Amino acid sequence: MQQTYFMIKPEIVAAGEQKIGDILAIVNRAGFRITGLAMRTLPRELVEDFYGEHRGKPFYGELVEYIAGGPVVTVRLERENAVAALRELIGATNPAEAAIGTIRNLYGASLQNNAVHASANPADAERELGLIFG
Ligand code: CMP
């Protein structure tokens with residue numbers, strides 16, 4: 001069994017519980033078990049570390065402001081082949097390019113406001129779960 005990190009981003013949380021529930025239902029129907037779940041506002045320094053690989057990129061400052069700017073839903077998921085399966089379920093980073101029916105296709109608004117995050121690879125999953133769930 002593999003674990004991965006999933007996060008519902010602030011603009012979706014701000015839109016209300018229905019979207020949170022709908023997105024968690026999609027994930028659950030795809031065979032993932034939810035083994036950790038919280039709604040919290042992440043400290044800025046934690047978000048800076050979390051997105052450390054993007055430090056120096058033009059969108060980094062805005063990204064940190066946005067993710068630290070309001071509550072997110074943090075989720076630890078477990079499934080066979082969880083990392084790759086979740087990436088496929090959420091779709092491409094840019095919602096305009098995300099395959100029909102993926103979470104970002106259904107709920108993403110823009111490249112920045114792309115609804116959800118999922119760990120890119122197993123090493124990132126371990127690092128991100130450590131940062132968020134300890
Ligand atoms: P995420 O998968 O959480 O990883 C980095 C985030 O940065 C990405 O989703 C987007 O929300 C945001 N972002 C903003 N601009 C860009 C960009 N040009 N390329 C990649 N990610 C971007």
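What comes next is a walk through the structure.

Thresholds applied
Residues numbered from 1 in each chain as written. Predicted model: local features only at pLDDT ≥ 70, side-chain atom pairs only at ≥ 80, totals over all residues. Heavy atoms only, no water. Helix = DSSP H or I, 4+ residues; strand = E, 2+ residues; numbered from the N terminus. Rg over C-alpha atoms; globule rule 2.2 N^0.38 Å. Buried < 20%, exposed > 50% of the residue type's maximum accessible area, 1.4 Å probe, protein only. Contact = heavy atoms within 4.5 Å. Areas by Shrake-Rupley, 256 points an atom, 1.4 Å probe, with all protein chains shown as cover. Lys, Arg positive; Asp, Glu negative; His and termini not counted. Charge placed at Lys NZ, Arg CZ, Asp CG, Glu CD. 1 Å grid on protein atoms, 1.4 Å probe; cavity = no way out; pocket = protein on both sides within 12 Å on 5 of 7 lines; lining within 4 Å. Points joined across faces, edges and corners; volume = space filled by probe spheres on them. Nonpolar A, V, L, I, M, F, W, Y, C, P; charged D, E, K, R; others polar. Pairing = 2+ DSSP bridges. Axes fitted to C-alpha atoms, helices over the stretch in contact; angles between N-to-C directions. Core = buried A, V, L, I, M, F, W, Y, C linked by side-chain atoms within 4.5 Å.

1. Looking at the overall build of the protein chain
Looking only at helices and strands, the protein chain features seven helices and four strands. Written out in order from the N terminus, the α and β elements of the protein chain read β-α-α-β-α-α-β-α-α-β-α. By the compact-globule yardstick of 14 Å for 134 residues, the protein chain fits well, its C-alpha radius of gyration being 14 Å. Counting only C-alpha atoms, the protein chain reaches 35 × 30 × 25 Å along its principal axes. For the protein chain, the residues scored as buried account for 44% of the 134 residues in total. Residue pairs at least 24 apart in sequence account for 74% of intrachain contacts in the protein chain once pairs closer than 6 positions are excluded. Accessible area of the protein chain: about 6700 Å², with a carbon and sulfur share of 51%. Positive and negative charge centroids in the protein chain, built from 13 and 16 side chains respectively, lie 2 Å apart.

2. What about the layout of surface pockets?
Within this model, the largest pocket holds a volume of roughly 450 Å³. If you go around the largest pocket, you meet 20 residues; those closest to its centre are Tyr 51, His 54, Phe 59, Thr 93 and Asn 114. Those elements giving two or more residues to the lining of the largest pocket turn out to be strand S4 (116-118) and helix H7 (122-133). Take the lining of the largest pocket: its biggest share by element is three residues, from H7. Grouping the amino acids of the lining of the largest pocket by side-chain chemistry returns seven nonpolar, six polar and seven charged.

3. Observations regarding unusual backbone geometry
In this structure, Asn 81 is a non-glycine residue whose phi angle is positive, near 55 degrees. Following the sequence through the fold, Asn 81 ends up in the loop between strand S3 (72-79) and helix H5 (82-90). Phi at Ala 115 takes a positive value of approximately 75 degrees, unusual for a residue other than glycine. Mapped onto the secondary structure, Ala 115 falls in the loop between helix H6 (103-107) and S4. Given a relative accessible area of 0%, Ala 115 falls into the buried group.

4. A word on the sheet that holds S3
Read from one edge of the open sheet, four strands run S2-S3-S1-S4, paired in antiparallel fashion. The sheet is open, and its two edges are formed by strand S2 (33-40) and S4, each paired on a single side. Taking the axes of each pair of neighbouring strands and ignoring which way they run, one obtains an average angle of 15 degrees across the sheet. Inspection of the sheet shows S2 paired to S3 by seven bridges, in the antiparallel sense. Its bridge partner being in S3, Met 39 is matched across the sheet by Val 73. Each of strand S1 (2-8), S3 and S4 is contacted by H5, which is oriented at about 30 degrees to S1, the strand it contacts most.

5. Let's talk about the nonpolar core
Membership of the largest hydrophobic core comes to 22 residues, with the highest contact counts inside it found for Phe 6, Ile 8, Ile 23, Leu 86, Ile 103 and Val 116. Every element with two or more residues in this core is listed here: S1, helix H1 (10-14), helix H2 (17-29), S3, H5, H6 and S4. For this core, the leading source of residues is H2, giving five residues. The contact partners of Ile 8, leaving out residues within four places of it in the chain, are Val 13, Ile 20, Ile 23, Leu 24, Val 72, Val 73, Ala 115 and Val 116. By size, the runner-up hydrophobic cluster in this structure holds 16 residues, among which are Tyr 5, Phe 50, Ala 68 and Leu 129.

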